[in-house]
Amino acid sequence: MSTSIVQRLKRSESSSNTIKVKCKDAEGNEVTEYLPIVGANDPLEFLLDLWDEANVLEERYGLISEGKMKFLLQSVGRALQGRYAKKWKKFASVISIADSTATRHEATNRGKWTHLLQDVSKAIFMKGAFEDQIDYLEDTKRPNKMDPTEYVERVFTINERLTYFE
């Protein structure tokens with residue numbers, strides 16, 4: 001039986017286990033953002049937290065465009081440690097980045113980014129993790145002690161994260 005990867009743990013907001021990522025906003029001002037560091041001893045769901053945070057940065061600063069995709073790949077690579085870093089390096093090293101700002105190249109880079117997250121997830125998570133999440137969504141009732149709003153948020157989070165396993 002494979003381990004169920006359900007969003008239950010929460011990282012402390014004040015965690016010092018982050019890396020700084022310096023980006024430029026639309027007005028050219030430097031902004032410091034943070035990505036959580038994920039080590040081999042951390043729960044696997046922390047890896048999904050990193051994917052989510054990296055996607056937020058990508059959307060916020062347009063990191064799929066020319067010259068920025070490599071920065072995004074490097075930033076996520078810096079946030080990974082141990083076997084996670086090795087898996088990331090293996091998959092990220094074969095990505096060829098489209099070197100034009102044309103919309104079709106950004107779409108190509110976005111697809112490559114999505115596939116990279118999926119490939120690394122499949123390589124790290126146990127076989128059956130996707131099925132475990134589907135089973136959880138289909139079969140698990142809200143625990144009596146859990147606030148309905150919190151349960152709905154959990155279900156939505158799991159559902160959104162299923163894209164990392166497609």
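Going by the structure above, here's the rest.
Thresholds applied
- Residues numbered from 1 in each chain as written.
- Predicted model: local features only at pLDDT ≥ 70, side-chain atom pairs only at ≥ 80, totals over all residues.
- Heavy atoms only, no water.
- Helix = DSSP H or I, 4+ residues; strand = E, 2+ residues; numbered from the N terminus.
- Buried < 20%, exposed > 50% of the residue type's maximum accessible area, 1.4 Å probe, protein only.
- Salt bridge = Lys/Arg side-chain N within 4 Å of Asp/Glu carboxyl O.

Enquirer: A description of the side chain of Arg161 should follow, citing residues and the corresponding values.
Expert: Take Arg161: it is sitting in helix α6 (residues 148–161). Residue classification places Arg161 among the buried residues on the basis of a relative accessible area of 7%.

Enquirer: Talk me through the pattern of salt bridges; I want residue IDs and the actual numbers.
Expert: One pass over the structure, following the stated rule, counts five salt bridges. Notably, a salt bridge pairs Asp49 with Arg161, separated by 2.5 Å at the nearest N-O pair. Here Asp49, found in helix α1 (residues 45–61), pairs with Arg161, found in helix α6; they are 112 residues apart in sequence, far enough to count as distant. Residue Asp49 shares its accessibility class with Arg161, and that shared class is buried. The partner of Arg110 in a salt bridge is Glu58, with the nearest N and O atoms 2.8 Å apart. On the criterion of sequence distance, the pair formed by Arg110 in helix α4 (residues 103–124) and Glu58 in helix α1 is long-range, its members being 52 residues apart. A relative accessible area of 38% places Arg110 in the partly exposed class. Glu58 gets classed as buried once you look at its relative accessible area, which sits at 3%. Overlapping salt bridges bring together Asp49, Asp52 and Arg161 as one network.

This is a description of form; function is not addressed.
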